[in-house]
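# Architecture and fold: a report
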Amino acid sequence: MTPPRADASLDAQGARDTADPARLAIDIRNLRKVYNGTSAVDGIDLAIPSGEFFGLLGPNGAGKTTTLRMLLGLTPIDAGSVRVLGMSIPEQEREIRARLGVVPQFDTLDPDFTVEENLLTYASYFGLSGPVLAQRIEDLLGLANLEARRRSRINTLSGGMKRRLTLARALINQPELVILDEPTTGLDPQARHHLWRQLRRLRERGVTLVLTTHYMEEAEELCDRIAIIDSGRIIACDSPRALIAAHVEPWVISLNADAARRFIADPSMLPARMLEIADSWLIYTADPAAVRAELDTAGLPHSTRAANLEDVFLRLTGHDLRD
Ligand SMILES: Nc1ncnc2c1ncn2[C@@H]1O[C@H](COP(=O)(O)OP(=O)(O)OP(=O)(O)O)[C@@H](O)[C@H]1O
Ligand SMILES: [Mg+2]
């Protein structure tokens, strides 16, 4: 298996080599940010073509939010360059802002206003008014499933409702690029699926989407390409399927810790690679039948599944998802 770090910047730049530069929604080169002598972002290269659904994954503190904030001109860049929709940050920040939507990691809704007033205030930044504005507000209240709460104050909403309203607010200017920093954290499964549907619709309409998430299944489900970031660097970048094929064995057999201990007690049965996660052990293998046969012979209960993005994440970052 090739070391991930060597390949990653090539993969991350790959889109730049093949895409027309004018078609890049985001073009980041050697981006850096240092806080108190420590690199939060340590030389990131990223080329995201227009219309792509791109995911940024990484453990807590990896540098995802800092990268996105530099893209938005909210955090000053220490070194490197950022172009968004063909324009430069920070010089053309205002023009860029007019054409993009943002769902920040932490909600910035105005608590003194109602749901509808929050949308109206935000719309005023984009000069929207009259029937166009009225229709837009109705559409977005519908999208967020908050019609019945339009006159509710923000502090009376649940966490999930605030998240939905924040997404609706991000779409008020019909952006061609939407940046979403953990948009589904704290949402219940129905609300998450509802939001996925909205995001897929945006993708179908040609909107470029950049998302961070700690839910690997969400990234696998939605994203065309994913960059895994650790300690401010991209350590892998590709489609979910290609990442799985390149970095982990195709099958994962899990057994509880007690069974694993008995299994490991017999070295002749030791498989190529095992990983301890909380109360269970994972065996990664290309030959599940052989491993299962051994486990069955030893009378050890187990279950088998296909490898997924979470396995790639664990392998490359060596962390649990929420450390
Ligand atoms: N304003 C700041 N001042 C000092 N350090 C900061 C600041 N913002 C971020 N950092 C540091 O930069 C690093 C990257 O933080 P960042 O918020 O980008 O991580 P993240 O990948 O978004 O993590 P999470 O998944 O927890 O949201 C962390 O070590 C963090 O402590
Ligand atoms: Mg973050």
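Scroll up a little and you will see the structure.
Residues numbered from 1 in each chain as written. Chains lettered and ligands numbered in written order. Predicted model: local features only at pLDDT ≥ 70, side-chain atom pairs only at ≥ 80, totals over all residues. Heavy atoms only, no water.

Distances from the magnesium ion (ligand 2) to its protein donors, Thr65 (OG1) and Gln105 (OE1), fall within 2.0 to 2.2 Å. Taken together, the positions of Thr65 in helix H2 (residues 64-71) and Gln105 in the loop between strand E6 (100-103) and helix H4 (115-125) put the pair 40 residues apart, joining distant regions of the chain. (Donors = N, O, S within 2.8 Å, 3.2 Å for Na, K, Ca; no water. Helix = DSSP H or I, 4+ residues; strand = E, 2+ residues; numbered from the N terminus.)

Turning to its location among the elements, Glu182 is positioned in the loop between strand E7 (177-181) and helix H7 (189-204). With relative accessibility at 7%, the residue Glu182 sits in the buried group. In contact with Glu182, not counting residues within four places along its chain, are Gln105, Arg163, Thr212 and His214. (Buried < 20%, exposed > 50% of the residue type's maximum accessible area, 1.4 Å probe, protein only. Contact = heavy atoms within 4.5 Å.)

It is worth spelling out the site of ligand 1 at this point. In the vicinity of ligand 1, 13 residues are found, and the nearest of them are Gly61, Lys64, Thr65, Thr66 and His214. At 3.1 Å, a backbone N or O of Ala62 approaches an oxygen atom of ligand 1. In the model, an oxygen atom of ligand 1 is placed 2.8 Å from a nitrogen or oxygen of the Thr65 side chain. Protein coverage of the free-state accessible area of ligand 1, which is 640 Å², stands at 61%. Top contributing element to the shell around ligand 1 by residue count: H2, with three residues. In terms of residue class, the shell around ligand 1 is made up of four nonpolar, seven polar and two charged. (Near = heavy atom within 4 Å. Polar contact = N/O pair within 3.5 Å; in protein donor to acceptor, adjacent residues only side chain to side chain. Areas by Shrake-Rupley, 256 points an atom, 1.4 Å probe, with all protein chains shown as cover. Nonpolar A, V, L, I, M, F, W, Y, C, P; charged D, E, K, R; others polar.)

Moving on, we get to the pattern of salt bridges. A full pass over the atoms with the stated rule returns 14 salt bridges. Here Arg151 and Glu116 are joined by a salt bridge, their closest N and O atoms 3.1 Å apart. Placement of Arg151 in the loop between helix H5 (130-143) and helix H6 (159-170) and of Glu116 in helix H4 is noted, with a sequence separation of 35 residues between them. On the basis of relative accessible area, Glu116 is assigned to the buried category, the value being 16%. Here Glu138 makes a salt bridge to Arg150, at a shortest N to O gap of 2.8 Å. In this pair, Glu138 is assigned in helix H5 and Arg150 in the loop between H5 and H6, connecting sequence segments 12 residues apart. Sharing partners across several salt bridges, the network here consists of Glu116, Glu138, Arg150 and Arg151. (Salt bridge = Lys/Arg side-chain N within 4 Å of Asp/Glu carboxyl O.)

Quick look at the packing of aromatic side chains now. Inspection of the entire model under this criterion finds two aromatic pairs. Each ring, one from Tyr122 and one from Tyr125, has its centre 5.7 Å from the other, and the planes form 75 degrees; the classification is edge-to-face. Placement of both Tyr122 and Tyr125 in helix H4 is noted, with a separation of three residues, approximately one turn of the helix. The buried category is assigned to Tyr122, whose relative accessible area is 18%. For Tyr125, a relative accessible area of 61% corresponds to the exposed category. Here the aromatic cluster, defined as three or more aromatic residues joined through ring pairs, consists of Tyr122, Tyr125 and Phe126. (Phe/Tyr/Trp six-rings, centres within 6.5 Å; stacked < 30°, edge-to-face > 60°.)

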